[in-house]
Protein chains: 2
Amino acid sequence: MPPETPPARHVIEALADPTRRAIVEALRAGPKPVGVIAGGLPVSRPAVSQHLRVLTDAGLARVTPKGNRRYYELAPEGVESLRRYLDTLWDDALAAFADAARKSARE
Amino acid sequence: MPPETPPARHVIEALADPTRRAIVEALRAGPKPVGVIAGGLPVSRPAVSQHLRVLTDAGLARVTPKGNRRYYELAPEGVESLRRYLDTLWDDALAAFADAARKSARE
DNA sequence: ACTTACGGTAAGCCAAGGCTTACGATTCGA
DNA sequence: TCGAATCGTAAGCCTTGGCTTACCGTAAGT
């Protein structure tokens with residue numbers, strides 16, 4: 001059995017919030033402790049903690065406790081899950097598109 | 001100038017709602033009028049109309065008025081936009097991952 | 001040991017948005 | 001031309017969820 005990738009809908013709902021997207025953007029530079037992340041954002045630290053919970057549940061982030069701090073980093077699993085979902089959407093959209101083109105060409 | 005693809009955040013926020021995802025799923029089979037879409041869902045037709053508005057604004061759907069009915073179909077633009085966003089996320093996540101691996105290997 | 005820093009959790013407030021009903025506009029069928 | 005069907009929009013209700021303050025546990029430094 002594959003290592004159980006998180007459902008795409010959790011990933012989408014996690015990325016739907018602007019603050020969470022900002023956190024993701026911040027993590028693109030590399031692992032950061034909660035306080036540092038919150039320092040660069042216009043919301044409180046507890047808010048960031050709550051968002052990080054959602055992000056980790058969605059498989060978009062990982063934690064690595066390092067003594068006193070907890071370092072969060074981007075996790076590939078969530079992104080991959082969403083990407084697979086979009087791939088099928090993409091295929092179907094293209095197929096429907098080609099279908100419509102074929103149908104309109106017939107007239 | 002490229003044909004102006006919609007911002008990825010609109011696409012994500014559009015796909016964040018379960019009902020809208022259900023509509024997208026319904027449209028994967030091909031173009032459908034509003035009434036038919038609403039018929040397969042547990043919400044009213046006006047609700048579907050409102051959702052379709054969001055989906056078209058996000059570049060995920062297109063309309064083709066056909067006499068009395070309005071046929072909605074999936075549009076590739078929105079999906080592509082979100083896919084590009086995920087590609088950069090993916091790359092950065094992998095890079096950070098490799099970086100962390102390299103760092104931990106050093107110990 | 002005691003103090004300080006870091007961060008997760010709870011309770012509560014409040015705005016955002018999804019749903020419904022009601023209405024109006026447009027188009028097809030008879 | 002008249003009634004019926006399709007669909008978009010407006011107004012209003014109510015749930016969802018994001019934010020803050022307050023509190024607690026844990027680890028580090030002195």
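This text gives an overview of the structure that appears in the document. The structure displayed is predicted, hence computed values, not measured ones.

## Details of the packing of helix H2 (residues 18–27) of chain A against helix H4 (residues 45–57) of chain A
The relative placement of two packed helices comes down to the angle between their axes together with the axis-to-axis distance.
Residues and elements named next belong to chain A.
Then, in step 1: It is the contact of H2 with H4, at a shortest axis distance of 10 Å, that shows an interaxial angle of 80°. Viewed along their axes, H2 and H4 adopt a mutual orientation that is roughly perpendicular. Each of Thr 19, Arg 20, Ile 23 and Val 24 in H2 lies in contact with H4, whose residues at this interface are Val 48, His 51, Leu 52, Val 54 and Leu 55.
Then, in step 2: Class assignment of the residues belonging to the contact of H2 with H4 gives a composition of 6 nonpolar, 2 polar and 1 charged.

## What about the relation of the copies chain A and chain B?
Then, in step 1: Overlaying chain A with chain B gives an RMSD of 0.0 Å, the required rotation being 180° about an axis along which the chain moves by 0.0 Å. Both chain copies can therefore be described as sitting about a two-fold axis.
Then, in step 2: Same-surface contact between copies: 100% of interface residues of chain A are shared with the interface of chain B.

## Quick word on the interface of chain A and chain B
Quoted interface sizes are often the accessible area lost when the parts come together.
Then, in step 1: Across the contact, 28 residues belong to chain A and 28 residues belong to chain B.
Then, in step 2: For the pair chain A and chain B, the summed buried area comes to about 3100 Å², and 69% of that belongs to carbon and sulfur atoms.
Then, in step 3: There are 4 salt bridges connecting chain A and chain B.
Then, in step 4: A salt bridge links B:Arg21 to A:Glu13; the shortest N-O distance between them is 3.0 Å.
Then, in step 5: Going through the elements one at a time, helix H1 (8–15), H2, strand E3 (69–74) and helix H5 (76–105) of chain A are the ones with two or more residues in the side of chain A that touches chain B.
Then, in step 6: Here the side of chain A that touches chain B gets 16 residues from one element, more than from any other, and that element is H5(A).
Then, in step 7: In the side of chain A that touches chain B, the residues fall into 16 nonpolar, 1 polar and 11 charged.

Reading guide: rules and limits
- Residues numbered from 1 in each chain as written.
- Chains lettered and ligands numbered in written order.
- Predicted model: local features only at pLDDT ≥ 70, side-chain atom pairs only at ≥ 80, totals over all residues.
- Heavy atoms only, no water.
- Axes fitted to C-alpha atoms, helices over the stretch in contact; angles between N-to-C directions.
- Helix = DSSP H or I, 4+ residues; strand = E, 2+ residues; numbered from the N terminus.
- Parallel < 35°, antiparallel > 145°, perpendicular 65-115°, else oblique.
- Contact = heavy atoms within 4.5 Å.
- Nonpolar A, V, L, I, M, F, W, Y, C, P; charged D, E, K, R; others polar.
- Least-squares fit on C-alpha atoms with pLDDT ≥ 70 in both.
- Buried area = accessible area lost by both parts, 1.4 Å probe.
- Salt bridge = Lys/Arg side-chain N within 4 Å of Asp/Glu carboxyl O.

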